[in-house]
Amino acid sequence: MDVISVIRTKRDRGELSPEQIDWVIDAYTRGVVADEQMSALAMAILLNGMNRTEIARWTAAMIASGERMNFDSLSRPTADKHSTGGVGDKITLPLAPLVAACGAAVPQLSGRGLGHTGGTLDKLESIPGWRALLSNEEMLNVLDTTGAVICAAGDGLAPADKKLYALRDVTGTVEAIPLIASSIMSKKIAEGTGSLVLDVKVGTGAFMKNIEDARELASTMVALGTDSGVKTVALLTDMSTPLGLTAGNALEVRESVEVLAGGGPADVVELTIALAREMLDAAGIKDADPAKALADGSAMDVWRRMIAAQGGDPDATLPVAREQHVITAPSSGVLTRLDAYDIGVAAWRLGAGRARKEDPVQAGAGVELHAKPGDTVTAGQPLLTLHTDTPEKFEYALESVAGSYDVAPAGTAFTATPIVRERIA
Ligand code: URA
């Protein structure tokens, strides 16, 4: 087997054989295939695609590159959720304790933000003391004692994906549907969850900009999960505007705690409950009511125990950025558009995200929204507040925000896009 013939096969729109796939993933993980060779293959896959048979084999090879976890010792059924990434997508924070409060065990292996999309671990690390890195034993212990755990995937889980994802990130090859599907599903299947709900984002702030691509990604992942014995369902959800009223690490933790306290923005509450219902259904838990568990404080109790079990202080004051800059509405009327991608880029430029994997993030940085599409606004009222510790970043963030919104004359008709657009099972 040689790597050049594998690259040529895909470059010339051929089908990769199972042997070629197994060999190239294993050889790349071991460092026998070089980064420049794998990036050529990733680009050929992005341009020419892979069929379902190739994707299933690619996923299996990535799973086989590392260890498989097992939650059979738990007394509760396991349910996990994965989002394909968005702006203001803090849903995992209230969702994991909520679903645990309703009777499932929620092993949530999460990632960090890169580019304009935020990462769950970066958000939680704004809580003083909280630790993302747990050993497999610690993870199982937190899961067993609190019902939920949110932590980083260990180095042993799908190491081929870890290496390939970092490479794709710097070679313009993230957006390939076969590579996204196999990347996400290899980690979820190796993790050993019994059921999985996928939140496939669609819109300007998502990797999938249109509904057709989101459908293809969702159905590919549902098939991969189902074929591996994981009960898998996908919701296609709107990411044309940020979720909730915040994009940024500590800002989003604060908003998540509001949701757990029974308040918070309506779209965050709606999506949290919709995903919780799907997770409970997939886990076979029929008689729980997630709306009640939010209202009666039982989800908040799990949150507090889960944060404390990972070294965090749930009562600590969250970091606040040193500098703020307010953007006001240019005219009175109806806010008809507030673009998720532009706001995500602004939050990233303010310091909430990182340009390279090893960069630190600012806990307090980000963007706060004072209005959502469909709201009536008055000229001069605050529309957005930008937060950062490094005010020299304002100018660069303002460039991204400049074209991010439209205010139409009062009375202009506005039709909201539903949060949950489709369900694929
Ligand atoms: N999230 C992942 O884990 N992998 C991808 O390829 C894209 C999003």
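Note that the structure is a prediction, hence the values are computed from the model and not measured.

Conventions and cut-offs
- Residues numbered from 1 in each chain as written.
- Predicted model: local features only at pLDDT ≥ 70, side-chain atom pairs only at ≥ 80, totals over all residues.
- Heavy atoms only, no water.
- Pairing = 2+ DSSP bridges.
- Helix = DSSP H or I, 4+ residues; strand = E, 2+ residues; numbered from the N terminus.
- Axes fitted to C-alpha atoms, helices over the stretch in contact; angles between N-to-C directions.
- Contact = heavy atoms within 4.5 Å.
- Polar contact = N/O pair within 3.5 Å; in protein donor to acceptor, adjacent residues only side chain to side chain.
- Near = heavy atom within 4 Å.
- Areas by Shrake-Rupley, 256 points an atom, 1.4 Å probe, with all protein chains shown as cover.
- Nonpolar A, V, L, I, M, F, W, Y, C, P; charged D, E, K, R; others polar.
- Domains from an automatic or database assignment.

Novice: So what's going on with the sheet that holds strand β9 (residues 366–369)? Residues and values would help.
Specialist: Within a sheet, each strand pairs with its neighbour through backbone hydrogen bonds, oriented either parallel or antiparallel. The four strands lie next to each other as β6-β9-β11-β7, forming an open sheet whose pairing is antiparallel. Whereas interior strands pair on both sides, the edge strands pair on one side only; in this sheet they are β6 (246–248) and β7 (323–328). Each neighbouring strand pair of the sheet contributes to a mean axis angle of 15°, computed without reference to strand direction. In terms of strand pairing, β6 meets β9 through three bridges, oriented antiparallel. Within the sheet, the bridge partner assigned to Gly248 lies in β9 and is Gly366. Across the face of the sheet, helix α11 (residues 249–260) comes into contact with β6, β9 and β11 (382–388) while running at roughly 135° to β6.

Novice: Lay out the side chain of Thr78 in plain terms, naming residues and giving numbers.
Specialist: Inspection of the secondary structure puts Thr78 in the loop between α4 (52–64) and β1 (80–83). Engagement of the side chain of Thr78 in a polar contact is seen with the backbone nitrogen of Gly194, the distance being 2.8 Å.

Novice: Go over the site of the ligand, please, and point to the residues and values.
Specialist: Neighbouring the ligand are Tyr165, Arg168, Ile180, Ser183, Ile184, Lys187 and Phe207. In the model, an oxygen atom of the ligand is placed 2.9 Å from a nitrogen or oxygen of the Arg168 side chain. With respect to the ligand, the side chain of Ser183 contributes an N or O atom lying 2.6 Å from a nitrogen atom. Compared with its free state, where it exposes 240 Å², the ligand has 90% of that area covered by protein. Put simply, the parts of the chain that give the shell around the ligand at least two residues each are α8 (159–169) and α9 (177–191). Of the residues forming the shell around the ligand, the biggest block, four residues, is contributed by α9. For the shell around the ligand, the per-class residue count stands at four nonpolar, one polar and two charged.

Novice: Now, about the domain arrangement of the chain: what can you tell me, with residues and values included?
Specialist: As assigned here, the chain comprises domain 1 (3–49), domain 2 (80–154 + 183–309) and domain 3 (323–408). Taking only C-alpha atoms into account, the centre of domain 1 sits 32 Å from that of domain 2.

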